Structure formats: structure tokens, C-alpha cells
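# Understanding the architecture of this molecule
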Amino acid sequence: MSCASSNPASPSLRERRDALIAPGQPGGLAFCEAYSEAADAWFVELLNHATRSDTEGVALLAVGSYGRRELCPWSDLDVVMVHHRRGDHDRVADAIWYPVWDQGIRLDHSVRQPNEVLAMAKRDIRVALGLVDSRHIAGDEGLAAQLIQTAGTQWRQMATSWLAELSALVTKRHITAGELAFLLEPDLKECHGGLRDLAALSAAKVAIVSLVDDIDLDQLAQPRELLIEVRVALHRLAGRSLDRLLLQEQDGVAALLGMGDADELMARIAQSARTIAWTSDDGWRRILHALSHSQGKHRRLRLFRRDNTGHVSQLPWACKEPPGSEPTQLSGTAFRVQDGELTFAKTELEHPLELAFQATALSSELDLPISRSCLEELGRHATTLLDPWPEAMREHLVRTLLAGRPSVRAMEALDQFGVLCQLIPEWRAVRNLPQRNAYHRFTVDRHLLETAANSGELAARVNRPDLLVIGSLLHDIGKGYPGDHTLKGESVVVELATRMGFSKEDVAVLASLVRNHLLLANAATRRDLDDPATIEAVAHAVGDCDRLELLQALTEADSKATGPAAWGHWKARLVAELAGRVRLFLTGQRPVTDPIAPTPAQRRLMSQRRLQVLLDGETLTVTAPDQPGLLAKVAGTLTIHGLDVRSADIKGEDGMAVELFHVEPSRGRWPQWQLLEKDLAAVLENRFPLEQRIDDRAKIYEPQRLDCALPAEISVTFDNDASPLATIVEVHAPDRLGQLYRISRAIAACDLDVASARVATMGHEVVDAFYVRTRDGRKVRDPEILFALRERISFAAANERA
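An account of the accompanying structure is given in this report.

### Topic: the overall build of the protein chain
- The number of helices and strands found in the protein chain is 31 helices and 17 strands.
- Its C-alpha atoms give the protein chain principal-axis dimensions of about 95 × 75 × 45 Å.
- Of all intrachain contacts in the protein chain linking residues separated by at least 6 positions in sequence, the fraction that spans at least 24 positions is 71%.
- Looking at the protein chain as shown, the accessible area adds up to about 34,100 Å², and 50% of this sits on carbon and sulfur atoms.
- Between the mean site of the 93 positive side-chain charges and the mean site of the 111 negative ones, the protein chain shows a separation of 3 Å.

So this is what it looks like as C-alpha cells:
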């Protein structure tokens, strides 16, 4: 039931909010201020009405984002009612909370005496954090002021214990939510570089200002303003509380903010988020170092590095003792370690920009951050283009990337201060460039850094680790330019690698890596590896075994950096198998195989002339009497039993067929094989409602599979040149449950046979390749049949019932 309410003649808070979100009204911080003031005024009315204006001993405090005046249209209202020596506090509280609930506004509330609030803040860091941003909004100002002052003092007194816990919470949140600058659909509050990082760092600075006074929050004013502007627009557009910037909302938010498109929006968000993330990380490092130093604890340097051959060795100038507060000179370099950071050893330097990659090399090898003063000094000198590069500069860059994971932080630090774009001007074209599909988890520039770091971990596999890591760093540089990114990237890399000082021969290798960086992955997952034409085509494109070695390592590093769906044991096995066969071809060993004829073992199974389902590891063998649409029927049956098909090979003779499927359980559980075989027998005899069962399963599971709001475009292409055996039909379509069943059924409806199939899932889309022949074993060349095939496949891939 509702209790007392505010003056009925006065507009409700919901009415005031609706007026503020009407078209033409301000957004961003202006909206937040106005909405916070409207909420303040409404609570004043509520409290005065509930107490008949006798507010002595009772006050309302805004805490959290409401306390910071950051209320977005559908933000929760965080309010604490404080009372002292009032027996009617429960009635007053009900008279305030119920009208808020009646408005449908979400409320986080509590009713406490001052000593209870302070006791809670001692036990619960979240309560303590909320009070850091608290402010008086209604009632007894003296009561509120005394509590706010005491809570602030208590927060500072408990800084040593609270800040270690807060730092752990921040780190845990970053791991859970990911990085705002790089995610496809980031959470504006929770992600690393989001609004919660601003609040946490601000609260930490309040607590430790006596120890750390150089955390510059002023530089975060514009990034904060942009994120709040985006959050307000997102709430307005969605009409609900929503902090995750979904793909389907990005174009609308961009339009509301007067930006050109979603790419511009996401690029600006990425820039702001990176600034917040770097400042937050730098600030927390300083805070924890100050706390650690005050307790007499010191950080130990890592004493080893990986050299250009992948060999791990002790650094010749490494400190033998843990560094204390005194600076530690790194002999033979321009740097020293001080307070757990890498900084210049002296103030007067010749050609400091040339030392940028020496700084990243040392930072990566020691796993130490580069100091802000050092980065600022490098940034001040980032005004001239070095052409050509000094040889040592290229070597330092290679050392940086060979260090593996720590290189990402070091290179990001250079980028944050504008140095990386000065050293590599081509980097500007990909900086903060979004990749708006669920397959890629990073912006282009971060993807390049991640790929290079992954390559550093694989350096021992190749003869030229330097070419591997530089090729990895630049493999997608062409995405910043119009046209085919592999061809454009090749021309960019030729110029850039020449400027870096590589020989003509090495430049040619790097250009080849960029041009062919998708070759192994695409061929392995979309082409029949038993087809000699596949192996020959890849071998001619690669050229020699040294380049193949580099390309195989780059493929793994690139795939791992792309996202979790881009690399797994199935793809790793196919790439390794392809590389092995290509290596044999390049060394003159060309085994004679017949990709069409069944093997002796398959013939023995087929001779039994009955349905059989056998599993060996993840390879499922199905033998059955041949019939039109057999692949579709088997694929559909596997779908309803929770199996994802990665590849399929079909062979047959004398009225029998054998189908080999590489399968994976879609939900982590293998099916009951006897039940699967029983259902498949019924399907083949046309006494099982297969299509209905697929539709039923899709209603349950398909919403959980769709991790991207932008639908994949459907395309169907034909290639009659790549294989002498069949027409290759390549289909790009949305990743939907039962898609292989639908597409293969559409092919069968055109009276065509599928000899083999490859199925690759790339985020929200699948890329299926089918080797298709006519019933008499010929390629499909008739234009009318090809037209009908394209129409049927497109319709089937787009519709649930085709």
C-alpha cells in the first residue's frame, strides 16, 4: 500500500524526469545536474510533507552516483535517511519511500542512526565508498554535515586496509567486465576505463592524499563527460536502465549525440576509456607503492628476458638485490628503476625519441611500468618522423615484442602519450578503429598488439623471430585504409619496413606475411585438405618452408588475439595438418591420394550395408544406405542431439555412403549414442518430425547463442577453379541452430550431391564451404542451376522453415 505522498499539485519526480528527457532538452552532465536537482527538490517536498516541516533530527543523504550528481534517466536513487532521537522515523521513512516506488523509480535506501551508518562503513567497503560521495539533500543540515565529516575522517583513517581491498575489487571487476575501449558491447560503468574506475580512483585519492598528491583527476574531466553523455543518450534511446552499449543501440546513440556513425562513437569512447584506464592503473600503482613503501615492502625485479632466438637468459645488468627506495641504474642504458618504475637516468638527453623503444623493451623484459615523467618527456619530443630508423631502434622494438604479454602495456603507454603514432605514423589509421562484429574482441590497434605479444610467446618455433613479431604487429595495418586490407596492408608494410631498415629480402617476407595472413586459416577451415588442388594452391602462395613456418605461427597468434571463437583444438589441428601437407609439397614429397574413393576401413564398414554410428575421439562416422539429402538428415539429427558439426566428408559407392563428421558438444555434454542412432534411423525412414524438433530446440537454445545484435549478411559464392573435383559453394550466413541442416537440404533440393563440407563459426556468423557435384559426379556449370542454388540457399539460411 502507498503511504503519504508529496503535494498532489506538485509535479511528480517521474513527470519532472520525463520533461527533462523530452526532445530538445540538454543531455550529458547538464541533464544529470538538472535531474539531480529535480530529485533533490522532490525529496525536500516529501520530507517536509512527512514531518510537517519539522525536520530536526532527520536528514536525507544522497550517496553514490546520486551524491555525485550523475543521475541518468533510469539511474537508481541511492538515499540514506539518518535520524537521531526521533520516534517516528519508520513512519517518516515509509512516507518517503512509497511515493518513490509508486513512481516506478528504482530506489536503494536505508534508515539508520549516525552511529549505525558509521559502524556499517567500518565493516562494508561499499557502504564506505557510497559515503565518500554523500551530500545533504533534505532535512537537518547539522546532522547530515556531522555524519559526512565523520565518515570522511573514518575513510582516511582506514585507508591502509580499505585501499588494498578496493584495489582488489577494482582488479576483479576489470577481469569480469573487460576493457571498455576494446569490447564490442562494453558496459559504460563496470568495464576497465569506465565510470566506476573514476569513482574508485577519486575515493582512493581522498583517502591517501597525504601520501600521493600527483594523481591528476582533472585530465579525466573530458573522458568522464563523454561517457556520461553516452550513458544519458543510451538511457534515453532504450527507455530503460541500460549501461551495456549494445550493437543495436550504437547507431541511435551516435545520432542522438550528433556523431557521424557508430564507428565515430566507438572510437571516441575508446579514446576516453583508454585515458581513464591508463590514469586509473597509474594512480593505483602509485597508491599501492606508497602504501607498500610506508610499510617497508619493496618490489623485486624480474631478472630474465627472451632474446631474438627465443632463448631465455639472465639480463646482464639486472639488479642482484631487491631495489629499495634508492634509484637503480640499468648499466648500458639511458634508464634507471626508481619507486618500482622505469625512468630516465638523467634529465639532459640526446635524441630521446630514439630511446622510446629501449624504454618499452626494458619495461617489457622487467615487467615494470614506464614512469609518467618518462612518457611525458618522450611525448614532448614526439614531433619529428625518424626516417630511416636507427638500427638500435628496430632492435629495441623487436626485443619489446619478444617479451610477450608485458609488451602490450608498454606499447599502450607509448600510444597514450602520442609517441607510437609519431614513430609509426601508419598507426594513426588503425588507432581506436572498431571492428563491429562478434568475432573480434578488440579494436584493430589493440588486436595488433595482442597478436604481436602472442607471437613473442611462439618465437622459439621459427628461425626469424624478428620477422614474426614485426609481421604480427603490422598484419592488419591495411584495415585503416579503403579496399582489401591484405593488399593495402602489403603496400603499407613495404614502405614502413623499408623505413625501419629491413633488407629488401626481409621486406619481401614481411609483405608476404601481411598479404597471406588469412591464407592458412581460411584454407584449413573452408577447403578440403584431401584435395591436392588445395595443397598446391597454398604452397604456391606461400613460396617456401621458411615463410610457411612464419605464417603458421602468425596464424595461431592472430587467431588467439581475435577472440575465443577463433582458435581451438579443431582449428589448430586443421592448420597443423594443412601446414604439414604443404611442407611436404614444398620439399618435393607429394603423396598420391584419391579424395573421392573410400578408404579400406570405410569399405569394410560399408560392406555391412546397414546404418552404423561410431565415435572415435571427436570424429563421428556414419555409414548408411545412400539417399538424396543424406547429409541434411544426418546434420539435422546431430543438431537435435546437441552436437555442432565442424567438418563433414562424404564418400560412397555401390549404394552405400560413409560420412565423417568432426563434432563438438554444443553445451558441453555428449549425447546418448544409442538414442541418436535410433532417431537417425527414424529420420532416414521419414518417420521422425526432424524439422519440428529443430524448431523446438531453437526456441530454447538459439537466444543464448546469439551474442551479437547485428545480423550477419548472407552471401553465396561459387568457385569452379579451385578444385578439379567439384564446385565449391561458400556460404556466409547468421549463426543459427540447424543452419547446416537447412543449407545442405537446399543443396539436395537442387538435385546435387555434397562431397565434403567445412563449417567455421566466426562470432555471430558461419562460413560454410561445400564441395558440390551433380548426380553424375561433374562440376556444376549450368547458370540456371547455379542461380536456383543461390536462391534456395539464401532463402534457407535466412528463414527458420525453408
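### A look at helix α19 (residues 465-474)
- Of all 10 residues that make up α19, 10 are buried, and the element is covered over most of its length.
- If you check which residues of α19 are buried, you get P465, D466, L467, L468, V469, I470, G471, S472, L473 and L474.
- Those residues of α19 hidden inside the fold are in contact with α15 (391-402), α18 (444-457), α20 (485-500), α21 (504-515) and α24 (545-562).

### Remarks on the packing of aromatic side chains
- By the definition in use, this model includes nine aromatic pairs.
- Judged by centre distance (5.1 Å) and plane angle (75°), the rings of W278 and F417 are edge-to-face. Of this pair, W278 sits in helix α12 (residues 262-294) while F417 sits in the loop between α16 (406-416) and α17 (419-423), and the two are 139 residues apart along the sequence.
- W278 sits in the buried class, given a relative accessible area of 14%.
- According to the relative accessible area criterion, F417 is partly exposed, its value standing at 22%.
- Plain terms: the ring middles of W670 and W673 are 6.0 Å apart, the flat faces sit at 35° to each other, and that makes the pair tilted.

### Regarding the sheet that holds strand β12 (residues 643-653)
- In spatial order, the strands read β10-β11-β13-β12-β16-β17-β15-β14; together these eight strands make up an open sheet with antiparallel pairing. Each edge of the open sheet carries a strand with a single partner, namely β10 (612-616) and β14 (715-719). With strand direction ignored, the average angle separating the axes of adjacent strands in the sheet is 20°.
- When strand β15 (residues 727-734) meets strand β17 (residues 765-774), the two strands line up antiparallel, connected through eight bridges. The partner of T727 across the bridge, within β17, is V772.
- Most of the contacts of helix α25 (residues 569-586) go to strand β13 (residues 656-665), to which it runs at about 125°, and overall it touches β12, β13 and β16 (752-762).

### Examining the packing of α21 against α24
- Relative orientation of the contacting elements α21 and α24 amounts to 45°, with a least axis distance of 10 Å. By the angle class used here, α21 and α24 are oblique. The hand of the α21/α24 crossing is right-handed. Along the contact surface, α21 presents A508, V509, S512 and L513, while α24 presents R547, L550, L551 and L554.
- Split by residue class, the contact of α21 with α24 holds six nonpolar, one polar and one charged.

### Describing unusual backbone geometry
- Here D387 and P388 are connected by a cis peptide whose omega angle stands at 0°.
- Examined against the element boundaries, P388 turns out to sit in the loop between α14 (372-380) and α15.
- The backbone phi angle of N686 is positive, close to 60°, even though this residue is not glycine.
- By relative accessible area, N686 is classed as exposed at 62%.
- Not every positive phi belongs to a glycine, and D751 is a case in point at roughly 60°.
- Secondary-structure assignment places D751 in the loop between α30 (739-749) and β16.
- Taking the relative accessible area as the measure of exposure, D751 reaches 47% and is therefore partly exposed.

### Thoughts on the pattern of salt bridges
- For the structure on display, the rule yields 52 salt bridges.
- The closest approach of N and O atoms between R16 and E45, which form a salt bridge, is 3.1 Å. Here R16, found in helix α1 (residues 13-20), pairs with E45, found in helix α2 (residues 28-51); they are 29 residues apart in sequence, far enough to count as distant.
- With relative accessibility at 16%, the residue R16 sits in the buried group.
- Linking E426 and R499 is a salt bridge whose minimum nitrogen-to-oxygen distance equals 2.8 Å. Here R499 lies in helix α20 and E426 lies in the loop between α17 and α18, a separation of 73 residues in the sequence. Judged on exposure class, the residue E426 and its partner R499 are both buried.
- Linked through salt bridges whose partners overlap, the residues forming this network are E179, R274, R405, E412, D415, R431, D445, R446 and E450.

### What about the side chain of Q435?
- Tracing the backbone shows Q435 in the loop between α17 and α18.
- Among the polar contacts listed, one links the side chain of Q435 to the backbone oxygen of F442, at a separation of 3.1 Å.
- Separated by 2.7 Å, the side chains of Q435 and K479 make a polar contact.
- Discounting chain neighbours no more than four positions away, the residues touching Q435 are L184, H440, F442, T443, V444, H447 and K479.

### Side note on the nonpolar core
- In terms of nonpolar packing, the biggest core is built from 90 residues, with F43, L77 and L163 touching the most fellow members.
- With residues up to four places along the chain from it excluded, the contact list for L163 reads W155, A204, A207, I208, W284, I287 and L291.

### Looking at the sheet that holds strand β9 (residues 341-344)
- Spatial ordering of the open sheet is given by β7-β8-β9, a layout of three strands whose pairing is antiparallel. Each end of this open sheet is capped by a strand with a single partner; those strands are β7 (328-329) and β9.
- Along the sheet face, α14 touches β8 (335-338) and β9 and points at about 40° away from the line of β9.

Procedures and definitions
- Residues numbered from 1 in each chain as written.
- Predicted model: local features only at pLDDT ≥ 70, side-chain atom pairs only at ≥ 80, totals over all residues.
- Heavy atoms only, no water.
- Helix = DSSP H or I, 4+ residues; strand = E, 2+ residues; numbered from the N terminus.
- Contact = heavy atoms within 4.5 Å.
- Areas by Shrake-Rupley, 256 points an atom, 1.4 Å probe, with all protein chains shown as cover.
- Lys, Arg positive; Asp, Glu negative; His and termini not counted.
- Charge placed at Lys NZ, Arg CZ, Asp CG, Glu CD.
- Buried < 20%, exposed > 50% of the residue type's maximum accessible area, 1.4 Å probe, protein only.
- Phe/Tyr/Trp six-rings, centres within 6.5 Å; stacked < 30°, edge-to-face > 60°.
- Pairing = 2+ DSSP bridges.
- Axes fitted to C-alpha atoms, helices over the stretch in contact; angles between N-to-C directions.
- Parallel < 35°, antiparallel > 145°, perpendicular 65-115°, else oblique.
- Left-handed = near helix turned anticlockwise from the far one by under 90°.
- Nonpolar A, V, L, I, M, F, W, Y, C, P; charged D, E, K, R; others polar.
- Salt bridge = Lys/Arg side-chain N within 4 Å of Asp/Glu carboxyl O.
- Polar contact = N/O pair within 3.5 Å; in protein donor to acceptor, adjacent residues only side chain to side chain.
- Core = buried A, V, L, I, M, F, W, Y, C linked by side-chain atoms within 4.5 Å.

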